[in-house]
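If you want the building blocks of each chain, they are given just below.
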Amino acid sequence: EAEWECKSGEHRQVSLSAELIELDEEPHVVAFVQDITERKENAARIEFLAHHDPLTRLPNRVLFRDRFDLARAWVERTGGKLALMYLDLDHFKNINDTLGHPVGDLLLQEVAQRLSATLRETDTISRQGGDEFLIALTDVQDVEAVGRIAAKVIEALARPIHIEGHELAATLSMGVALWPDDGGDFDTLLQRADTAMYRAKDAGRNTYVFYTGEMNTQALENLKIRSALHWALDQQEFVLHYQPQIDLASGAVIGTEALLRWQRSDGELVPPGRFIPAAEDSGQIVPIGEWVLREACAQAVRWQEAGLPELTMAVNLSAVQFKRGDLVASVTQALEESGLEPGRLELELTESLLIADAEHNLETVRRLKALGLCLSIDDFGTGYSSLAYLRKLPAAELKIDRAFVLDLEESEDARSIAQSIVNMANALNLRVVAEGVETTGQRDILVAMGCNELQGFLFSLPMPAYELERLAHAARRVWNYRS
Ligand code: C2E
Ligand code: MG
Ligand code: MG
């Protein structure tokens, strides 16, 4: 095979074969020349496609990995370090959804362009698919240098990108893992850079985060929780504890809040803060939440039958239950199965739930309300719900978050916040419940402010159903906080 020049000056790829033959006892050479330019080009194109991303023309995962391994073999001899950066564009889905995929594609091309312009020839950039990119920095002398390059990459995207008349801001979040410090092979490093990238997202995006070993312990812990949660429902490992709620005007216990606990087989009682986030991530909160609803309603009826005073039963809901699963159907079923009067069930929603996907959730909330139950807004003051939105919501009560109750006695600010929540609730005709009341001092301030209900360790810890029942019986139905 050879490259020949045509008379026109054009270069062509040719394949040449020749044979020696005898004609009339004279030796002759017969030569065949075939133009294989196109075949060669096709082969090169196929070769390119097998190792590159067609949209950005950057190396793909296969080639990236090859280059990384080569660089590693080299650095292993020279004693340097390698850095693997995992990049993910922030809110890229929004751009795709609102401006369409063609604009999204152009944006990705521009990002690829800017990344290439920022890095050295020897560094490899790759598109992993979607809005994810990888960068391998070869021959890194010190960690500070990696930090500087990471900052430069983020900076490179800071200038707005103009596409078809739109001015787009494409920030990115980056996780960085180092070879050999954070892992000896490509797959481990990739996974660790990915973990660090999620931290960058959590930290508010548009930033980079270096991997630390502690992240791994936490990631492993989450993974373990996730898989253990998988069996927890079947194994009946969940229990509900109940915390009494006291009416400040009469001093009587008027309700309880059901709080979920996970009783592991080794006896450990896991608080919700440690497993609910994992259950929300995996969607397992939907069946778990259904169980909570059924169990809490059934317990309320059992207490009623045991002759306890009339109590409302408050149940916490997660935003994920609104998004997935049919909440209205689960609530209806829990009420029907138990025979609990809807008016005795109270659902606690958080502000964040009301912000995300407001219209859809508001509709669900209205349908829940129509079943005849009571709605309360939990952890009030920690989210950002607008007053206009609060007015639209058919809630009957607000729960002041524990954070504001905590330093009522010491902090003037905490007192002003609590007082304004109470005033606003009064103006909107909502009852106000204070959570996490631990001292008589806090209680007295809240009473003076005009708070309606109190819940907290001052009166009682959350406790198992049988204990609450015993407490109620011991009080011989004169279940009054003041007596
Ligand atoms: P929350 O609904 O705001 O519940 C109040 C939390 O404050 C409970 O923590 C309770 O034990 C605690 N607490 C009550 N009084 C005091 C006090 O005086 N001092 C202090 N320091 N703490 C007090 P817990 O049981 O760990 O629950 C934490 C959160 O987990 C709950 O906050 C709720 O958001 C969530 N949660 C609990 N059960 C469920 C459930 O069944 N489903 C869902 N989706 N979330 C739940
Ligand atoms: Mg609650
Ligand atoms: Mg709360």
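Rules used in this analysis
- Residues numbered from 1 in each chain as written.
- Chains lettered and ligands numbered in written order.
- Predicted model: local features only at pLDDT ≥ 70, side-chain atom pairs only at ≥ 80, totals over all residues.
- Heavy atoms only, no water.
- Donors = N, O, S within 2.8 Å, 3.2 Å for Na, K, Ca; no water.
- Helix = DSSP H or I, 4+ residues; strand = E, 2+ residues; numbered from the N terminus.
- Buried < 20%, exposed > 50% of the residue type's maximum accessible area, 1.4 Å probe, protein only.
- Pairing = 2+ DSSP bridges.
- Near = heavy atom within 4 Å.
- Polar contact = N/O pair within 3.5 Å; in protein donor to acceptor, adjacent residues only side chain to side chain.
- Areas by Shrake-Rupley, 256 points an atom, 1.4 Å probe, with all protein chains shown as cover.
- Nonpolar A, V, L, I, M, F, W, Y, C, P; charged D, E, K, R; others polar.
- Axes fitted to C-alpha atoms, helices over the stretch in contact; angles between N-to-C directions.
- Contact = heavy atoms within 4.5 Å.
- Core = buried A, V, L, I, M, F, W, Y, C linked by side-chain atoms within 4.5 Å.

**Details of the coordination of the magnesium ion (ligand 3)**
For a metal bound by four donors in tetrahedral geometry, the ideal donor-metal-donor angle is 109.5 degrees, whereas six donors in octahedral geometry ideally sit at 90 or 180 degrees.
Thought 1: Only D378 (OD), D379 (OD), E435 (OE) and E435 (OE) from the protein reach the magnesium ion (ligand 3) as donors, at distances of 2.0 to 2.5 Å.
Thought 2: All donors of the magnesium ion (ligand 3) belong to a single chain; written as a sequence motif, their spacing is D-D-x55-E.
Thought 3: Taken as a pair, the magnesium ion (ligand 3) and the magnesium ion (ligand 2) lie 4.1 Å from each other and share D378 as a ligand. Here the residue D378 occupies a position in strand 16 (residues 374–380), and E435 occupies one in the loop between strand 18 (431–434) and helix 17 (440–449), the gap between them amounting to 57 residues.
Thought 4: Residue classification places D378 among the buried positions, given a relative accessible area of 6%.
Thought 5: Using a relative accessible area of 12% as the deciding quantity, one classes E435 as buried.

**So, the pairing of strand 1 (residues 2–5)**
Thought 1: Of the pairings in the sheet, the one linking strand 1 to strand 2 (residues 11–23) comprises 4 bridges and is antiparallel in character. Considered in strand 2, the bridge of A2 is made with V14.
Thought 2: Once strand 1 ends, the chain turns through 5 residues before running back antiparallel as strand 2, passing G9 with a positive phi of about 100°.

**Concerning the site of ligand 1**
Thought 1: Taken together, 22 residues sit near ligand 1, with R261, D378, R402, E438 and F457 positioned nearest.
Thought 2: Contact distances for ligand 1 include 3.2 Å between an oxygen atom and a side-chain N or O atom of E435.
Thought 3: Measuring from an oxygen atom of ligand 1, one finds a backbone N or O atom of F457 at 2.7 Å.
Thought 4: Burial of ligand 1 by the surrounding chains reaches 82%, relative to a free accessible area of 790 Å².
Thought 5: The set of elements that each furnish at least two residues to the shell around ligand 1 consists of strand 12 (253–263), helix 8 (272–282) and strand 16.
Thought 6: Ranked by residues supplied to the shell around ligand 1, first place goes to strand 12 with 4 residues.
Thought 7: Tallied by class, residues from the shell around ligand 1 come to 9 nonpolar, 5 polar and 8 charged.

**A few points about the sheet that holds strand 4 (residues 81–89)**
Thought 1: Across the sheet, which stays open at both edges, the 5 strands sit in the order 5-6-4-9-10 with mixed pairing between neighbours. The open sheet terminates on both sides in strands that have one partner only, identified here as strand 5 (124–129) and strand 10 (208–210). Each adjacent strand pair in this sheet contributes to an overall mean axis angle of 20°, direction not counted.
Thought 2: Pairing between strand 4 and strand 9 (residues 172–179): 8 bridges, direction antiparallel. Opposite A83, over in strand 9, you have L178 as the bridge partner.
Thought 3: Lying on the sheet, helix 6 (residues 186–202) is in contact with strand 4, strand 6 (132–140), strand 9 and strand 10; it crosses strand 9 at an angle near 145°.

**What to know about the nonpolar core**
Thought 1: Residues L229, F238, W262, V331, L345, L347 and L398 are the most contacted members of the largest nonpolar core, which totals 78 residues.
Thought 2: M85, L157, I161 and V176 belong to the second-largest nonpolar core, a separate cluster that totals 32 residues.

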